[in-house]
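# Notes for the structure review
Single-letter residue listing:
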Amino acid sequence: MFPGKDPKDLVLWIEDQRAVIFGDTHAEFGKGIEINVRWLRQGETREQIVEVLRPLLELPVELVLPTHGAPTDRAALERALS
């Protein structure tokens, strides 16, 4: 488990499926998955969220399942965390 944009918004790593499941931390609104800065808490930055989630890129992620949007892949996760 990884923290998301707030304490109740976890990011789950399902190892045997090589899948990451996001709550509201990542969403897809027509431009690929992204961190929705409008949903961040006051004083929190996109860069802070990226730093917390960057260790996901060390995992063999193949499937990314955002709460809002279609399933996607590792390349989309890499773009969202760049």
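It should be noted that the structure appears before, not after, this text.
Scope of this entry: the structure provided in the associated data block. (Residues numbered from 1 in each chain as written. Predicted model: local features only at pLDDT ≥ 70, side-chain atom pairs only at ≥ 80, totals over all residues. Heavy atoms only, no water.)

From N to C terminus, the protein chain includes 2 helices and 7 strands. Each helix and strand of the protein chain, ordered N terminal to C terminal, gives the series β-β-β-β-β-α-β-β-α. For 82 residues, the compact-globule estimate of 2.2 N^0.38 gives 12 Å, and the protein chain sits close to it at 11 Å. Along the longest, intermediate and shortest principal axes, the C-alpha atoms of the protein chain span 35 × 25 × 20 Å. Relative to all contacts within the protein chain whose residues are 6 or more apart in sequence, the contacts with residues 24 or more apart total 50%. Per element, the accessible surface of the protein chain, about 5,000 Å² overall, is 53% carbon and sulfur. (Helix = DSSP H or I, 4+ residues; strand = E, 2+ residues; numbered from the N terminus. Rg over C-alpha atoms; globule rule 2.2 N^0.38 Å. Contact = heavy atoms within 4.5 Å. Areas by Shrake-Rupley, 256 points an atom, 1.4 Å probe, with all protein chains shown as cover.)

Right, let's get into unusual backbone geometry. Located in the positive-phi region is Arg-18, a residue other than glycine, with phi close to 55°. One can find Arg-18 in the loop between strand S2 (10-14) and strand S3 (19-22). In this structure Arg-18 comes out as partly exposed when scored by relative accessible area, which is 38%. (Buried < 20%, exposed > 50% of the residue type's maximum accessible area, 1.4 Å probe, protein only.)

With that settled, consider the pairing of S2. Side chains of S2 alternate between two faces, with Val-11 and Trp-13 buried and Leu-10, Leu-12 and Ile-14 left unburied. Bridge count for S2 against S3 is 4 bridges, and the pairing is antiparallel. Of the residues in S3, the one forming a bridge with Val-11 is Phe-22. Here S2 folds back onto S3, and the loop between the two strands holds 4 residues, one of which, Arg-18, carries a positive phi near 55°. (Pairing = 2+ DSSP bridges.)

Take the pairing of S3 next. One ladder, built from 3 bridges, connects S3 with strand S6 (residues 63-65); its direction is parallel. Each residue of the ladder has a partner; that of Val-20, found in S6, is Val-64.

Another point: the environment of Glu-28. Positionally, Glu-28 belongs in strand S4 (residues 26-28). In the structure, Glu-28 is positioned 43 residues away from Pro-71 in sequence and 9.6 Å away in space, judged by C-alpha atoms. When near neighbours in sequence (up to four residues on either side) are disregarded, Glu-28 contacts Ile-33, His-68 and Gly-69. At a separation of 3.1 Å, a polar atom in the side chain of Glu-28 contacts the main-chain amide nitrogen of Gly-32. (Polar contact = N/O pair within 3.5 Å; in protein donor to acceptor, adjacent residues only side chain to side chain.)

In summary, soluble globular proteins display a tendency toward joint burial of nonpolar side chains. Counting residues in hydrophobic clusters, the biggest one holds 17 residues, and the most contacted among them are Val-20, Phe-22, Leu-53, Leu-56 and Leu-77. Only S2, S3, strand S5 (33-35), helix H1 (46-53) and helix H2 (74-80) provide two or more residues apiece to this core. With residues up to four places along the chain from it excluded, the contact list for Val-20 reads Val-11, Leu-12, Trp-13, Leu-56, Val-61, Leu-63, Val-64 and Leu-65. (Core = buried A, V, L, I, M, F, W, Y, C linked by side-chain atoms within 4.5 Å.)

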